[in-house]
Amino acid sequence: MEIIKNKKEIERVKTHIIGLDENLEGGIPINHTVLFSGTAGTMKSSITFNILYNEALDGNTGLYLTLEQSTDSLLNHMVNLDFDLSKINLIVIPDISNIEKDIKSATKKGSLIIADLGAIRKKLKDTKFSSGSDWLNAIFNLIKKVAKSTDLKLFVLDSLAALYVLSKFEDPRSKLFFIFESLRDLNLTSYLISEAPYSRNNITEFGVEEYLADGVIQLQLTERYRKVTREISIVKMRTTNCNLDIFTLEYKNGKFQAMYGGKTPVI
Ligand SMILES: Nc1ncnc2c1ncn2[C@@H]1O[C@H](COP(=O)(O)OP(=O)(O)OP(=O)(O)O)[C@@H](O)[C@H]1O
Ligand SMILES: [Mg+2]
């Protein structure tokens, strides 16, 4: 890593959430590994997909690995959210054994490459692998293969919790350290989805992820007088002067928006 001379040299990737980028000096610094942490249904998948979608439109290639939800189910959800998938170069990888053929069309102009657990499972079945570390190897093989054949810039892992189920994390700190370092070594800006327990003081499963990550963005549902509001806040972001306040999150007209105020709704 090179040491910069001026903070203006820090390149950033937008979160594509209106109102949040303005509070993050423009976005997440490139090469950061950031956790998107939130309970069920807090739009973790939608927000990270939205980043890759908009970056693909801007000419930057990203890989979305969905371990929990199938590719079809995820894409159906995105179409329901009014994403026009015909506008981007979308590449679905059905099986990582044939990946070279599938990513041939991932030209330099920006693509969204998506793979699910099934794509990796086939390969593991072929080679009769089953132990936990093989899953992690298979995932890094996939990332490396894609990075070799494309100008891969961004990576989403949906989710860390699913990875914990597949791969035994007996020594979580060292294993997670390996994952975070490997992603940085690949020069990727990475978004790791983490399914958070219900407390703000307890953001992640092992309680070490938030220290190893370069940034943490928290998503939550807050109940006030029976009205539930979506909220988003930046818990930490290295090399960034950010606003740590809690913003109301809305998805309207195909755009995510973080609004300041978080007023108590009128009842
Ligand atoms: N057209 C829509 N407009 C706004 N919100 C929608 C729309 N369709 C679905 N949603 C919301 O999106 C939520 C799910 O989003 P998403 O799958 O991104 O969340 P998640 O945090 O990844 O969920 P999970 O915990 O299941 O992985 C639903 O709970 C629903 O409230
Ligand atoms: Mg999800």
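Structure: see above.
How each quantity is defined
- Residues numbered from 1 in each chain as written.
- Chains lettered and ligands numbered in written order.
- Predicted model: local features only at pLDDT ≥ 70, side-chain atom pairs only at ≥ 80, totals over all residues.
- Near = placed C-beta within 6 Å.
- Helix = DSSP H or I, 4+ residues; strand = E, 2+ residues; numbered from the N terminus.
- Nonpolar A, V, L, I, M, F, W, Y, C, P; charged D, E, K, R; others polar.
- Buried ≥ 20, exposed ≤ 12 C-beta atoms within 10 Å, placed from the backbone.
- Pairing = 2+ DSSP bridges.

Let's talk about the site of ligand 1
Inference 1: Every residue lining ligand 1 is accounted for by Gly38, Ala40, Gly41, Thr42, Met43, Lys44, Ser45, Ser46, His77, Asn80, Leu81 and Tyr251.
Inference 2: Of all the secondary structure elements, the ones that give two or more residues to the shell around ligand 1 are helix H1 (44-57) and helix H2 (71-80).
Inference 3: Looking at the shell around ligand 1, its residues break down into 4 nonpolar, 7 polar and 1 charged.

Overview of the pairing of strand E13 (residues 255-259)
One face of the sheet, then the other: side chains in a regular strand alternate in exactly this way.
Inference 1: Across the two faces of E13 the burial differs, with Phe256 and Ala258 buried and Lys255, Gln257 and Met259 not buried at all.
Inference 2: Sheet topology places strand E2 (residues 17-18) next to E13; 2 bridges connect them, and they run parallel. Within E13, the residue paired with Ile17 across the bridge is Phe256.
Inference 3: Here strand E12 (residues 246-252) runs beside E13; their pairing, made up of 5 bridges, is antiparallel. By the bridge assignment, Tyr251 is partnered in E13 with Phe256.
Inference 4: Hairpin remark: E12 followed by E13, antiparallel, with 2 residues in the connecting loop; positive phi at Asn253, about 50°.

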